[in-house]
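# A closer look at the structure
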Amino acid sequence: MGHYALDNVAAQTADRFLALETCYDPVTRAHLAATGLGPGWCCLEVGGGGGSVGTWLAEQAGPEGRVTVTDIAPDRMADAPLPDNLRVIRHDIVHDPLPEDTYDLVHARLVLLHLPERLDVLARLVRSLRPGGRLVLEEFDCRWTPVLAAPDPAAADLFHLVHDAFLARLAHAGADVQWGSRIYQALRDAGLHEVAATTYSQAWPGASPAIALHRANSVQLRGELLDSGISAQQLQDFWNLLENPAFAVSSYPLTTASGRRAP
């Protein structure tokens, strides 16, 4: 219990990051831009992933701004060329020190969902904001994944069978797979002002770039899924289904909640 099920050092990590960036980066950038983000801002990106959001933040903050990207395993960013105003650090957001009263903008996408200590981490992120600074959290409600099209009813049943087993493994590791539906209230409870939230979803047809997220996740947890009772043939049929254009599933709904620390 309490470990991060989808670690950032597995072979499938690059595929997962690419799928997330393809589907959700435009949404993330629009919400971050709406905070008023601009030159000179001091920003914190928690859980840098593949680095696309952190790099974009550095572009918006400009040479007079600064961006810190934290990750528990930042190796994928460490070897890439980075802007001068972007710093990448190895950092455990649960246990390592975090400066207070510092940042104009703090952003985390799909991080707190996985952390049993999510409410404590949220409180730390709020304290890291300068007065008037803004926090933007983006999280999934993983339970809402209706099948939109399937070659036959058995295919839809197979998707839900494997996906439910996957979510059970996340929950066993301490994730809250419905955290996205709770973050609006969580930001209010944390004392933030001007709290707002929107939710984004789209169709993921078979063989599309974004649906590859389901393959990357299930390949990474293949052993645990087999241990849970999913057969090797069912798992292979699941992967084949994800490549079938006759299949489509709703994307994970991404809820973006933002709030402002009192001036």
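Analysis parameters
Residues numbered from 1 in each chain as written. Predicted model: local features only at pLDDT ≥ 70, side-chain atom pairs only at ≥ 80, totals over all residues. Heavy atoms only, no water. Buried < 20%, exposed > 50% of the residue type's maximum accessible area, 1.4 Å probe, protein only. Helix = DSSP H or I, 4+ residues; strand = E, 2+ residues; numbered from the N terminus. Arc of directions from axis to C-beta. Contact = heavy atoms within 4.5 Å. Polar contact = N/O pair within 3.5 Å; in protein donor to acceptor, adjacent residues only side chain to side chain. Pairing = 2+ DSSP bridges. Axes fitted to C-alpha atoms, helices over the stretch in contact; angles between N-to-C directions. Salt bridge = Lys/Arg side-chain N within 4 Å of Asp/Glu carboxyl O. Parallel < 35°, antiparallel > 145°, perpendicular 65-115°, else oblique. Left-handed = near helix turned anticlockwise from the far one by under 90°. Nonpolar A, V, L, I, M, F, W, Y, C, P; charged D, E, K, R; others polar.

The set of residues buried in helix α9 (residues 232-242) consists of Leu235, Phe238, Trp239, Leu241 and Leu242. Axial view of α9: buried residues confined to an arc of 155 degrees, hence all on one face. Where α9 is buried, its residues contact α5 (153-172), α7 (212-220) and α8 (222-227).

This paragraph deals with the side chain of Asp25. Tracing the chain through its elements places Asp25 in helix α1 (residues 13-33). At 2.6 Å, the side chain of Asp25 forms a polar contact with the side chain of Ser52. Excluding residues within four positions of it along the chain, Asp25 makes contact with Leu20, Ser52, Val53 and Arg109.

Before going further, it helps to spend a moment on the sheet that holds strand β7 (residues 193-200). Spatial strand order, β3-β2-β1-β4-β5-β10-β7: 7 strands in an open sheet with mixed pairing. Each edge of the sheet is formed by a strand with only one pairing partner; in this case those strands are β3 (86-90) and β7. Within the sheet, the average angular offset between the axes of one strand and its neighbour, ignoring direction, is 15 degrees. In terms of strand pairing, strand β5 (residues 129-140) meets strand β10 (residues 254-260) through 7 bridges, oriented antiparallel. Paired with Glu139 across the strands is Thr255, a residue of β10. Across the sheet, α1 lies against β4 (103-109), β5, β7 and β10, angled at about 155 degrees from β4, the strand it touches most.

Further remarks concern the pattern of salt bridges. In this structure the tally under the stated criterion is 8 salt bridges. The partner of Arg182 in a salt bridge is Asp176, with the nearest N and O atoms 2.8 Å apart. Given a relative accessible area of 14%, Asp176 falls into the buried group. Between Arg260 and Glu194 there is a salt bridge, with its nearest N and O atoms 3.2 Å apart. Of the two residues, Arg260 is situated in strand β10 and Glu194 in strand β7; the sequence distance between them amounts to 66 residues. What makes Glu194 partly exposed here is its relative accessible area of 48%. When salt bridges that share partners are traced, they join Arg134, Glu194 and Arg260 into one network.

So, on to the sheet that holds strand β9 (residues 248-250). As summarised here, the arrangement of the 3 strands in space is β6-β9-β8, forming an open sheet in which the pairing is antiparallel. One side of each edge strand has no neighbouring strand; the edge strands of this open sheet are β6 (147-149) and β8 (203-205). Across the sheet, the axes of successive neighbouring strands diverge by a mean angle of 30 degrees, strand direction being ignored.

The next subject is the packing of α1 against helix α2 (residues 52-61). Angle between the axes and distance between the axes are the two parameters that describe a pair of packed helices. One can describe the packing of α1 onto α2 by two numbers: an axis separation of 10 Å at closest approach and a directional angle of 30 degrees. Between α1 and α2, the angle is such that the two are roughly parallel. Read as a crossing pair, α1 and α2 show a hand that is right-handed. Across the interface between the two elements, Glu21, Asp25, Thr28, Arg29, Leu32 and Ala33 from α1 touch Ser52, Val53, Trp56 and Leu57 from α2. Of the residues contributing to the contact of α1 with α2, the split by class is 5 nonpolar, 2 polar and 3 charged.

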